[in-house]
Amino acid sequence: MQSTIDTLLSAQTDDARHNASALASFVSKQHSEIAFSHTLTIAGQALTGHLLAGALSALAHCFTPVSIAFHALHQQFGDDVVEVRGNLDSVEREVLNKTLSGVSASFNIDAGVQGERPRLDTPGLLVMDMDSTVIAIECIDEIAKLADVGEQVAEVTAKAMRGEIAFNDSLVHRVACLENVPVAHLAQIRDSIPLMPGIQVLLSTLKQHKWKLAIASGGFTYFADYLKERLGLDYAISNTLEISEGKLTGKVVGEIVNADVKARTVETLAREWSIPCSQTVAMGDGANDLVMMAQSALGVACHGKPLVNEKADVAIRVGSLHSMLYFLGS
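Residues numbered from 1 in each chain as written. Predicted model: local features only at pLDDT ≥ 70, side-chain atom pairs only at ≥ 80, totals over all residues. Heavy atoms only, no water.

A. Just the layout of surface pockets, in detail. For the largest pocket, the calculated volume is near 300 Å³. Taken together, 16 residues line the largest pocket, and the ones lying closest to its centre are Thr39, Arg85, Arg117, Arg119 and Gly329. The class makeup of the residues in the lining of the largest pocket is three nonpolar, eight polar and five charged. (1 Å grid on protein atoms, 1.4 Å probe; cavity = no way out; pocket = protein on both sides within 12 Å on 5 of 7 lines; lining within 4 Å. Points joined across faces, edges and corners; volume = space filled by probe spheres on them. Nonpolar A, V, L, I, M, F, W, Y, C, P; charged D, E, K, R; others polar.)

Written out as structure tokens, the structure is:
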């Protein structure tokens, strides 16, 4: 294997090193049978031998490759995807993820190191956060903008997502600022809601393989239930805004959907649908998603806050939502 890495590092010609069409000269179609402990997945558009070699060099202090091959989904959705099997030295997850973050920034790629992985070809469960994960906005911030309290609410939202304020307290405070907002404002936001790039490919691919799909959100049922219907999801749980005479009262009805409720949702749905824990995935961007990510076999940070990227099993830093598929076995 060392000879393959040496070839990558000092490719036959500069043209080959920097030519995406030459990637197949460095990467096999199938892995060798050599034993390994972890898989390094590297995904990006128009990958080259130079970029692959740079990623391996950056990880050389803790990861020893034994086999390089294309992922089963290589180029199926417009991305080059390479799997590097190897052995990982003892290293804390946060330290490893900081190195991977540097690799991602240096080469504009997504990279993740995993031990056991859920499999795409076996039914599983994906539980997703909603705001800034399934959709490209924070709904409460958009409502606040229409109510002329946007800056006040957005500041609290940002602190909550970074884990600086207890989620329950932050939600109660922010919702109170929305008192007397007409429900028509919510409809306006709903009708123009921006879906995250790659969400349809992600969901349709998982549906083809009989996965169950759910939203567990600290946002609001007005939007989560709408997305459940629009995207054909199996389940959605979120917070209910109290409404009176066509306006928000500034209160939340019932139990607040916080980090613990999200984690409980993963466990409950997996048990209800007889899905083994090894086939569960949770995806989110904020600190209140970390507990459900830890509850799942695979926790995926989706363009997450720095704290979330550091603690997640893998992180999508560059690609679209469908990049989650590249971190599944097949």
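Moving on, there is more to tell.
B. Representation of the sheet that holds strand E1 (residues 38–44) in the model. Across the sheet, four strands lie side by side as E2-E3-E1-E4; this open sheet has antiparallel pairing. In this open sheet, the two edge strands, each paired with only one partner strand, are strand E2 (63–70) and strand E4 (110–114). Across the sheet, the mean angle from the axis of one strand to that of its neighbour is 20°, orientation sign disregarded. With seven bridges joining them, E1 and strand E3 (residues 80–88) adopt antiparallel strand pairing. If you follow Ala43 over to E3, its bridge partner there is Val81. The strands that helix H4 (residues 93–107) touches are E1, E3 and E4; relative to E4, the one it contacts most, it runs at about 155°. (Pairing = 2+ DSSP bridges. Helix = DSSP H or I, 4+ residues; strand = E, 2+ residues; numbered from the N terminus. Axes fitted to C-alpha atoms, helices over the stretch in contact; angles between N-to-C directions. Contact = heavy atoms within 4.5 Å.)

C. Structural view of the environment of Ser101. Mapped onto the elements, Ser101 comes out in helix H4. The spacing of Ser101 and Gly112 is eleven residues in sequence and 9.3 Å in space, taken between C-alpha atoms.

D. The arrangement of the state of the cysteines in detail. Under the definition given, this model contains zero disulfides. Between Cys302, a free cysteine, and Cys139, which holds the nearest cysteine sulfur, the sulfur-to-sulfur gap is 15 Å. (Disulfide = S-S within 2.5 Å.)

E. The arrangement of the side chain of Ser296 in detail. Topologically, Ser296 is positioned in the loop between helix H12 (290–295) and strand E10 (298–302). Excluding its chain neighbours within four sequence positions, the residues that come into contact with Ser296 are Val266, Thr280, Val281 and Ala282.

F. Quick peek at the pattern of salt bridges. All chains considered together, the criterion is met by eleven salt bridges. The shortest N-O distance in the salt bridge between Glu142 and Lys145 comes to 3.1 Å. A residue pair is termed a helical-turn pair when its members lie 3 or 4 positions apart in one helix, as Glu142 and Lys145 do in helix H5 (residues 139–146) at three residues. Of the charged contacts, one joins Lys262 and Asp289 as a salt bridge, the two residues approaching to 2.5 Å between their closest N and O atoms. Taken together, the positions of Lys262 in helix H11 (residues 259–272) and Asp289 in the loop between strand E9 (280–284) and H12 put the pair 27 residues apart, joining distant regions of the chain. With relative accessibility at 0%, the residue Lys262 sits in the buried group. (Salt bridge = Lys/Arg side-chain N within 4 Å of Asp/Glu carboxyl O. Buried < 20%, exposed > 50% of the residue type's maximum accessible area, 1.4 Å probe, protein only.)

G. Focus on the nonpolar core. The biggest cluster of nonpolar side chains holds 58 residues, and the ones touching the most others in it are Leu126, Leu206, Met283 and Met324. Met324 has contacts with Leu126, Leu202, Leu206, Val281, Met283, Val300 and Ile316, leaving out every residue within four places of it along the chain. Core analysis: the second largest hydrophobic core is formed by 27 residues, Leu47, Ala55, Cys62 and Leu100 among them. (Core = buried A, V, L, I, M, F, W, Y, C linked by side-chain atoms within 4.5 Å.)

H. Fine view of the sheet that holds strand E7 (residues 235–244). Ordered in space as E8-E7-E6-E5-E9-E10-E11, the seven strands form an open sheet in which the pairing is mixed. The sheet is open, and its two borders are formed by strand E8 (247–253) and strand E11 (314–316), each paired with just one other strand. In this sheet, adjacent strand axes meet at a mean angle of 25° when their direction is disregarded. By the bridge criterion, three bridges tie E10 to E11 in an arrangement that is parallel.

I. Structural view of helix H3 (residues 49–58). Most of H3 sits inside the fold, with seven of its ten residues counted as buried. Looking only at H3, the buried set comprises Gly49, Leu51, Leu52, Ala53, Gly54, Ala55 and Leu56.

J. How the structure looks around empty space enclosed by the protein. Considering all chains together, one arrives at one cavity of 30 Å³ or more under this definition. Computed from the structure, the largest cavity encloses a volume of approximately 140 Å³. Asp131, Glu138, Phe167, Gly218 and Gly219 are the residues nearest the centre of the largest cavity, which is lined by 15 residues in total. Elements represented by at least two residues in the lining of the largest cavity include exactly H5, helix H7 (167–176) and strand E6 (212–220).

K. Inspection of the side chain of Asp285 at higher detail. Position of Asp285 among the secondary structure elements: in the loop between E9 and H12. Of the polar contacts made by the side chain of Asp285, one reaches the side chain of Lys305; its length is 2.7 Å. (Polar contact = N/O pair within 3.5 Å; in protein donor to acceptor, adjacent residues only side chain to side chain.)

Take it as geometry only, folks, not as evidence of what the structure does.
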